[in-house]
Structures are given as structure tokens and as C-alpha cells.
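Coordinate inspection notes
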Amino acid sequence: MNMISNHPPTAELQAMDAAHHMHPFTDGDDLAAKGARIITRASGVTLTDSEGEEILDAMAGLWCVNVGYGRDSLAEVAARQMKELPYYNTFFQTSHVPVIALSRKLAELAPGDLNHVFYASGGSDANDTNVRLVRHYWAAKGKPEKTVIISRKNAYHGSTMAGASLGGMTGMHAQGGLPIPDIVHIGQPNWWAEGGEMSPEEFGRARARELEEKIAELGEDRVAAFIAEPIQGAGGVIIPPESYWPEIQRICDAHEILLIADEVICGFGRTGAMFGSLTFGIRPHIMTVAKGLSSGYAPIGASIVCDEVANTVAAAGDFNHGYTYSGHPVSCAVALENLRILEEEKLVENVATVTGPYLKEKWEQLADHPLVGEAVIRGFMASIALTPDKAARAPFAASAGTVGFICRDHCFSSNLVMRHVGDRMIIAPPLVLTKSDVDVLIDRAVQALDLTLTKIKEDGIYR
Ligand code: PXG
């Protein structure tokens, strides 16, 4: 293989990075003082940095590299498509072969009558499409007052104005004047942190019923849609109690509102099925997809839309919406090849029946560690809650995220990418992770937990 390894020394790269590159979700001064870790190449589940360190990527990049790094066929497909037709748009009554083929493929894979695809460049702008689409749909049905979208606290739906408004991250709403009008939030099904004395099942039902209460409070004639991730990803891999989704589905069926499943993380195998909606028996009117659709090899997102919504919108004249890169031919060709790999190598089945159960067994044993409260997992997405008191499900006295951040740093220095969200540690590895990779992952995670425990005892955070 022809590896490009000739680059300036790390310190020089870090200085240029600090001088000219603004990082997402980052304290710029803090990073400039430390210097970014610079990733130079990757293969399978392993990253290599500019110092030559090999790091196990248990986050699949940002939850996206489902088929793993270093796939020649994806590079070849992209090169071929760039030579044949690098770009053409899908506005003005034109189309092209990759976008047609991918749309048909997605209609085949998506459950129910989700047969129509509107493309974006990623998940955020696909969710922007959804906001405009559902409001336009209700207007076309003669109900223009149905504009409110109900979402959830601690949800993540992207960083655009609409995406971040749909999301329920207080830190994001605090910057830039969000949320935009007519987006409201109900509670999340996070039993560990918020379930109090209730059983998980009681709590799941209670949190689902907040949707019905909110619809009643606003008036059904005002509500356009409810949006949710099957499993909250960026919120900390919050796996809802089993009672939650059936109750949400009942409420959506009983009321005239649309259900949007944000499958940006859960889609394409992450939960051990092709979509999180299949894992939980959700019947959405629209699914948001991105990330695993191309395994991150090319930027692409989409809204996969049911017959009723798509047909109504099609009959209502122009839908005045679209992006230059809606249905980009290279991204579509890469996505198609990525889906071929997923199916041909049976990666989703493998997660469901072989590596997923193995990871589950090992992951759940982490709950025996003195720092770990719950250890939860579905397919290849998992989290642990760090706590000073398991029985009380107590948070640390130190501000939220202090211990998680320490643990994240120990993972990093143990050559494991495991993220923290507050004081939860999370993983979402590439679907090609093998059993022996699982063993390495767990060994490094335990090492990082041990080092974290020692450190917080020294610092007086653990009592
Ligand atoms: N919906 C969900 C459920 C997501 O997880 C988006 C929408 C937005 O997709 P784009 O492609 O616009 O980023 C996401 C993205 C994190 C992290 O820190 C998570 C995401 C993005 C960046 C960071 O966990 N999820």
C-alpha cells in the first residue's frame, strides 16, 4: 500500500493547527496550549498518529466508520465516479445514475413504506430538511398551524440552527440564540440519572407519557411532529427502558402527528439491526440518516420519507428546498459500495450474533469495577456510568464531567479512543471489530478506569 507518511514534525503541525484551524466543540485556547493529537492514517479499527502510536478507535471516528478504515474498494469507487461524473446537481429536473441507484437501495432497506429519499450533506442539514418538510406537509394538508416539533432534552440532532434547536443540549442553546421558534422539549428516558425511585419500566412509561401531556398542553392542532434518536448517542448512549418506545409509538398512533426517527447514529447496523427503528419496533414517517450510510468515507445525509408525506409534498407544487450537494454523485457511489460491503460481509448479522454478544458479555462485566454504576449496551453502542456510589446512582461532588474527562485522558494515553459525555464513558466501535479487538478494548478500558480511580482518590474527588 502506498502510505503518505512524510509530514512536518508533530510540534510544527500542532502550531499551524492552533494558528489557523478552528475546531468544532473545542476550547480553542486550551487546545492551543496542549496541541492537538494528529491522526495521520488508519486501517481496520486502528488509527496511527503523527508520533507513530497505534490507537484502537472504539468510536469509529464520530460514530460513522462502520465498515472500518482502509477499504480500497471505497477509494476506487470514488475515483471512478470522479472521473466519470464528479458532480452534477439534482435540481431543475435532472438526475444521475448513482443517486437513482442509491435511492432505490435505501427504499429497499428502509422499513415500511419509507420509499422516498431527500439528500443532504450530513445529518444536521437532513434534520433542517425535516423541519421544513413536515411543516410544508401539514400546510399542504390545509393545516398550516401544525408547526411545533417536540423533541427531547439531551437529544443531539446536529449543529445547524434547526439541528441544534431540535437538539436538547443546554450548552448549545446558550450560544447563538437558540432554539428557533416552535420547537419544544420533553424529558429524556435516562433512568440512571433521572429515574429516582421508579423502576426502569415505570420510568420509561412516565417519560413517554410526557409526549402525550405535551400534545395535550399545546393542542394537537399545533403539533407537527415528534423527533427522537432510537438510542441517544451524543447524549451518552442512553438506552431507553423497554417500556419507552412501545408507549411512544402508541401515543404517535393515537394522535395526528408525524414521527421522525433520527437514525444518524443508530442506522446501518449500529444497534445490531439495519436500523434502530427495527431494534425497537418503531414505525417512523421519516428517518434521518448520515454517518454509517457512507461509513464516513464521503459526506452524505438523507431524509427517508414515507409514501403519504412524499406524495402529499409532490402534489403540492415546488418544495423550495435543496442543497448544492443533495445527491452528490461521488457520495452516492461511495454509499452504495459501503452498503454492498455491509451486506456482503454480513457485518450487521455479525454484530447481532457473534461480536455483539461477546462485547456485551465483556462490557457488562465492567459493572464490577468500583467506579462503574451501570454498564449498558445494544449492538455496538455502549456506555458506562461512573459513580462514587452505585447503590444511590449518585453523581460525583465534583462538577459533571470532571471524572469523565480524567478517564477519557487515561483512555487516550492507553491508546484507546473511548469518549466521555459528562461522567458517562461511551463506545461505538467499527462493526468489523473482532473478538480479539474486544479483548484489547476491554483491557485498555479497565486500565484507564483503574488509573482514573487512583487519580480521583489522590485528588479527593472519590469518597
Ligand atoms: N443526528 C444525530 C442523532 C447525530 O448523532 C447529527 C444528527 C448531525 O449529523 P452531522 O452529520 O451534521 O454531524 C448527529 C451527529 C459527538 C458527536 O460528540 C455526535 C455527532 C456529531 C458530532 C459529534 O458525539 N452526531
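That block above? That's the structure.
Conventions adopted
- Residues numbered from 1 in each chain as written.
- Predicted model: local features only at pLDDT ≥ 70, side-chain atom pairs only at ≥ 80, totals over all residues.
- Heavy atoms only, no water.
- Helix = DSSP H or I, 4+ residues; strand = E, 2+ residues; numbered from the N terminus.
- Buried < 20%, exposed > 50% of the residue type's maximum accessible area, 1.4 Å probe, protein only.
- Contact = heavy atoms within 4.5 Å.
- Lys, Arg positive; Asp, Glu negative; His and termini not counted.
- Charge placed at Lys NZ, Arg CZ, Asp CG, Glu CD.
- Salt bridge = Lys/Arg side-chain N within 4 Å of Asp/Glu carboxyl O.
- Axes fitted to C-alpha atoms, helices over the stretch in contact; angles between N-to-C directions.
- Parallel < 35°, antiparallel > 145°, perpendicular 65-115°, else oblique.
- Left-handed = near helix turned anticlockwise from the far one by under 90°.
- Nonpolar A, V, L, I, M, F, W, Y, C, P; charged D, E, K, R; others polar.
- Near = heavy atom within 4 Å.
- Polar contact = N/O pair within 3.5 Å; in protein donor to acceptor, adjacent residues only side chain to side chain.
- Areas by Shrake-Rupley, 256 points an atom, 1.4 Å probe, with all protein chains shown as cover.
- Domains from an automatic or database assignment.
- Expected span 1.5 Å × (residues − 1).
- Arc of directions from axis to C-beta.
- Pairing = 2+ DSSP bridges.

A few words now on the overall build of the chain. The secondary structure content of the chain amounts to 17 helices and 15 strands. With the C-alpha coordinates of the chain rotated into their principal frame, the extents come out at 65 × 60 × 45 Å. Taken across its 463 residues, the chain has 53% of its residues classed as buried. Put simply, of all contacts in the chain between residues at least 6 apart along the chain, 71% involve residues at least 24 apart. Mean positive and mean negative side-chain charge positions of the chain (39 and 57 charges, respectively) differ by 2 Å.

Okay, the pattern of salt bridges next. Applying the stated criterion across every chain, the model contains 23 salt bridges. A cluster of three or more residues bridged by salt bridges with shared partners is formed by Arg 209, Glu 212, Glu 247 and Arg 250.

As a further point, take the packing of helix H4 (residues 72-84) against helix H14 (residues 329-344). Their axes nearest at 9 Å, the elements H4 and H14 cross at an angle of 150°. As the angle between them shows, H4 and H14 are arranged roughly antiparallel. As H4 runs across H14, the sense of the crossing is right-handed. For the pair H4 and H14, contact is made by Ser 73, Leu 74, Val 77, Ala 78, Gln 81 and Met 82 and by Pro 329, Val 330, Ala 333, Val 334, Glu 337, Asn 338, Arg 340 and Ile 341, respectively. Residue composition of the contact of H4 with H14, grouped by class: nine nonpolar, three polar and two charged.

So, on to the site of the ligand. As a matter of local geometry, the ligand sits amid 16 residues, with Trp 63, Gly 123, Ser 124, Asp 262 and Arg 419 nearest to it. In the model, an oxygen atom of the ligand is placed 2.8 Å from a nitrogen or oxygen of the Gly 123 main chain. For the ligand, the accessible surface in isolation is 540 Å², of which the surrounding protein chains cover 83%. Tallying contributions element by element places helix H6 (residues 123-140) first for the shell around the ligand, with three residues. The residue inventory of the shell around the ligand, partitioned by class, reads six nonpolar, six polar and four charged. Structurally, the shell around the ligand is a two-domain feature, drawing no fewer than three residues from each of domain 1 (37-67 + 348-459) and domain 2 (73-344).

Turning next to H4. In this model H4 runs 18 Å from its N-terminal to its C-terminal C-alpha over 13 residues, within 8% of the 18 Å that 1.5 Å per residue would give. Those residues of H4 that sit buried are Leu 74, Val 77, Ala 78 and Gln 81. Taken end-on, H4 shows its buried residues confined to a sector of 100°, consistent with a single buried face. For H4, the exposed residues set more than 90 degrees away from the buried face come down to Arg 80 and Lys 83. Along its buried surface, H4 packs onto helix H5 (97-109) and H14.

The next thing to look at is the pairing of strand E11 (residues 372-378). Residues in a regular strand point their side chains to alternate faces of the sheet. The buried fraction of E11 is high, at six of seven residues. Pairing analysis gives five bridges linking E11 to strand E12 (residues 381-386), with the strands arranged antiparallel. When the bridges of E12 are listed, Val 376 appears paired with Ser 383. Hairpin connection of E11 to E12: two residues between the antiparallel strands, including Gly 379 at a positive phi of 60°.

Bringing the environment of Glu 308 into the picture now. Assignment of secondary structure puts Glu 308 in helix H13 (residues 307-314). Under the relative-accessibility criterion, Glu 308 is labelled partly exposed at 35%. For the pair Glu 308 and His 285, spaced 23 residues apart in sequence, the C-alpha separation works out to 8.4 Å. If we skip the residues at most four places from it in the chain, Glu 308 touches Tyr 137 and Lys 141.

To continue, consider the pairing of strand E1 (residues 39-43). Bridge count for E1 against strand E2 (residues 46-49) is four bridges, and the pairing is antiparallel. Residue pairing for E2: Arg 41 is matched across the bridge by Thr 48. Joining the antiparallel neighbours E1 and E2 is a turn of two residues, in which Gly 44 adopts a positive phi near 65°.

Our focus in this paragraph is the sheet that holds strand E15 (residues 424-427). Pairing is antiparallel in the open sheet, where four strands are placed in the order E11-E12-E15-E14. In the strand order of this sheet, the two ends are held by E11 and strand E14 (419-421), each with one partner. Direction aside, neighbouring strands of the sheet carry axes that sit 25° apart on average. Sheet analysis places E12 next to E15, joined by four bridges and oriented antiparallel. When the sheet's bridge partners are listed, Ala 385 is paired in E15 with Arg 424. Running over the sheet, helix H15 (residues 347-365) touches E11, E12 and E15 and is turned about 170° from E11.

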